[in-house]
Amino acid sequence: MSGKGTKFFESLLGPKLLEGDKEVDIKSVVDGKDYVAIYHSAHWCPPCRRFTPAFIKAYEEIQKKGGKSLATVFVTCDKSEGQFKEYFKDMPWHAVPFSAGEYKGFGGKSAKHLKVNGIPSLSIFDGEGKLIESQGVGVVSENGADFLKMLDPEEKKKAESAAMESLFAAMDLNGDGYIEKSEIEKCFGLIGAPPHITQQEVQTLLTRDTDGDGKLNKKEFCVATYSVAGRSPKWLAEAVGERLKEAKKKEEAKKEFASLKGMDFFKALLGDKLLGKPDKELSTETALDGKEYVGVYLSAHWCPPCKRFTPKLAEAFAMIESKDAKKLAMVFVTCDRDEGSFKGYWGSMPWNAVPFSAKDYTGFNSKAGMFLGVEGFQLCTCMDM
């Protein structure tokens with residue numbers, strides 16, 4: 001790295017960086033590196049906390065493998081030094097000190113230079129300070145420790161070509177070797193794209209229809225790479241594939257439950273055992289016996305709309321129960337990621353729950369989630385016995 005590169009990174013990140021608890025000169029961190037990554041992130045940001053462990057894993061694998069060298073600098077967007085320290089302590093790279101006000105946060109020099117307005121944000125430069133990749137989060141998420149290969153133009157071209165072929169195979173829903181307008185519409189519907197985006201992308205893709213037959217063959221479709229809303233063809237192929245699998249599972253779930261009624265239905269939906277208060281196991285049959293209606297509540301501690309809705313649901317449940325204890329049974333199906341979050345959240349609820357350990361019956365892909373078609377948000381449904 002030339003002195004020009006070092007000066008560039010110093011202008012964005014400041015003259016001193018943190019290496020654990022001690023300050024070091026930025027020159028010792030970036031000098032001689034093939035690549036320098038600037039990572040804007042924050043402890044309060046759920047997407048950041050999901051991405052950081054994946055980035056740490058990729059970074060540590062790169063360090064073990066050797067080859068092209070990478071320096072990474074964390075630029076905090078946290079609101080307090082305590083949050084910054086708690087978050088940074090698990091990171092294996094360097095950081096801009098929290099006290100370096102002009103270099104941290106959304107108003108810091110690097111954030112302004114890179115026009116960072118959302119996090120996590122990972123920007124990767126070469127050693128001279130030339131920006132190579134501004135969408136580093138997506139590149140790391142898709143490629144793991146191989147993400148450095150994607151910084152090489154030839155490797156990137158090969159990967160994009162392979163990804164376009166995978167996307168063609170995923171979107172060719174009937175397997176006839178062509179992608180028609182209806183297939184594009186269905187695929188974008190599967191991944192939750194709004195109607196106006198779907199129609200926009202139909203038009204964009206059909207501009208590749210060079211022979212004018214109203215559909216795309218493989219050569220036409222793969223003539224160039226493609227992305228939508230920053231999503232790569234690899235991500236799109238995987239997303240369409242996963243949603244098709246989920247749709248199939250939901251159809252299978254509906255068929256499985258079609259012939260079941262009463263207690264047999266609810267035991268198949270929720271399992272044979274539930275948790276009652278205070279943290280005691282009881283049979284589903286005992287919990288639901290004699291109830292007129294059964295409410296199934298899929299929710300999670302990490303979901304802000306869920307946490308706003310739960311107290312209101314608890315009030316309504318208490319009012320119903322005070323008038324007729326046999327009227328309604330409620331069962332919480334957790335979509336939390338760990339047992340501590342599940343227990344803490346369930347503690348605020350006055351009803352029974354599916355045990356966290358009952359993996360077939362918890363989460364969005366649970367029996368209830370598949371049967372009810374839950375897709376990433378809270379759902380409360382009420383069924384009669």
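Owing to the predicted nature of the structure, the values given are computational and were not obtained by experimental measurement.

1. Section: the overall build of the chain
Here comes step 1: A tally of helices and strands in the chain yields 16 helices and 15 strands.
Here comes step 2: Expressed as lengths along the three principal axes of its C-alpha atoms, the size of the chain is roughly 80 × 60 × 35 Å.
Here comes step 3: Taking the intrachain contacts of the chain between residues at least 6 apart in sequence as the baseline, contacts between residues at least 24 apart amount to 63%.
Here comes step 4: Counting only carbon and sulfur atoms, one obtains 51% of the accessible surface of the chain, whose full area is about 19,800 Å².

2. Examining the pattern of salt bridges
Here comes step 1: Scanning all chains against the criterion turns up 16 salt bridges.
Here comes step 2: Residues Glu246 and Arg243 are paired through a salt bridge, measuring 3.7 Å at the closest nitrogen-oxygen approach. Placement of the pair is Glu246 and Arg243 together in helix α11 (residues 233–258), with a separation of 3 residues, close to one helical turn.
Here comes step 3: Overall, the relative accessible area of 23% leaves Glu246 in the partly exposed class.
Here comes step 4: When its relative accessible area of 27% is taken as the criterion, Arg243 is described as partly exposed.
Here comes step 5: For the salt bridge of Lys367 with Glu256, the shortest nitrogen-to-oxygen distance reads 3.5 Å. One end of the pair, Lys367, is in helix α16 (residues 367–372); the other, Glu256, is in helix α11, with 111 residues separating them in the sequence.
Here comes step 6: Since its relative accessible area comes to 26%, Lys367 is described here as partly exposed.
Here comes step 7: Several salt bridges converge on common partners, so that one network encompasses Glu86, Lys89 and Asp90.

3. Here's the deal with helix α12 (residues 262–270)
Here comes step 1: Of all the residues in α12, the buried ones are Met263, Phe265, Phe266, Ala268, Leu269 and Leu270.
Here comes step 2: The first or second residue beyond α12 is Gly271, which carries a positive phi of 95°.

4. Overview of the environment of Leu260
Here comes step 1: For Leu260, the location among the structural elements is in the loop between α11 and α12.
Here comes step 2: Separated by 205 residues in sequence, Leu260 and Phe55 have C-alpha atoms that sit 46 Å apart.

5. Description of the nonpolar core
Here comes step 1: One finds Leu13, Tyr39, Phe74, Leu122 and Phe147 to be the most contacted residues of the largest nonpolar core, which totals 54 residues.
Here comes step 2: It is helix α3 (residues 46–65) that provides the largest number of residues to this core, a total of 7 residues.
Here comes step 3: Dropping the residues within four chain positions of it, Leu122 is found in contact with Ala37, Ile38, Tyr39, Phe51, Phe55, Glu133, Ser134, Gln135, Gly136, Val137 and Val140.

6. Digging into the side chain of Thr198
Here comes step 1: Turning to its location among the elements, Thr198 is positioned in helix α9 (residues 195–206).
Here comes step 2: By relative accessible area, which is 6% here, Thr198 ends up buried.
Here comes step 3: What Thr198 contacts, discounting residues up to four positions off in sequence, is Glu185, Phe188 and Ala193.

7. Examining α3
Here comes step 1: Between its first and last C-alpha, α3 extends 30 Å over 20 residues, near the 28 Å set by a 1.5 Å rise per residue.
Here comes step 2: Turning to α3, its buried residues number three or more, namely Cys48, Phe51, Thr52, Phe55, Ile56, Ala58, Tyr59 and Ile62.
Here comes step 3: Close packing links the buried residues of α3 with β3 (35–41), β4 (70–76), α4 (81–88), β6 (121–126) and α6 (136–143).

8. Looking at the layout of surface pockets
Here comes step 1: Its boundaries defined by the atoms lining it, the largest pocket holds a volume of some 680 Å³.
Here comes step 2: In this structure, the largest pocket is lined by 23 residues; those nearest its centre are Gly138, Val139, Glu142, Gly230 and Ser232.
Here comes step 3: Ranked by the residues each element gives to the lining of the largest pocket, the list is headed by α6, at 6 residues.
Here comes step 4: When the residues that make up the lining of the largest pocket are grouped by side-chain class, the tally is 9 nonpolar, 8 polar and 6 charged.

9. So, the environment of Ala58
Here comes step 1: The topology assignment puts Ala58 in helix α3.
Here comes step 2: It is 19 Å that separates the C-alpha atoms of Ala58 and Glu19, two residues lying 39 residues apart in sequence.
Here comes step 3: Setting aside residues up to four positions removed in sequence, Ala58 forms contacts with Val140, Gly144, Ala145 and Phe147.

The rules behind each value
Residues numbered from 1 in each chain as written. Predicted model: local features only at pLDDT ≥ 70, side-chain atom pairs only at ≥ 80, totals over all residues. Heavy atoms only, no water. Helix = DSSP H or I, 4+ residues; strand = E, 2+ residues; numbered from the N terminus. Contact = heavy atoms within 4.5 Å. Areas by Shrake-Rupley, 256 points an atom, 1.4 Å probe, with all protein chains shown as cover. Salt bridge = Lys/Arg side-chain N within 4 Å of Asp/Glu carboxyl O. Buried < 20%, exposed > 50% of the residue type's maximum accessible area, 1.4 Å probe, protein only. Core = buried A, V, L, I, M, F, W, Y, C linked by side-chain atoms within 4.5 Å. Expected span 1.5 Å × (residues − 1). 1 Å grid on protein atoms, 1.4 Å probe; cavity = no way out; pocket = protein on both sides within 12 Å on 5 of 7 lines; lining within 4 Å. Points joined across faces, edges and corners; volume = space filled by probe spheres on them. Nonpolar A, V, L, I, M, F, W, Y, C, P; charged D, E, K, R; others polar.

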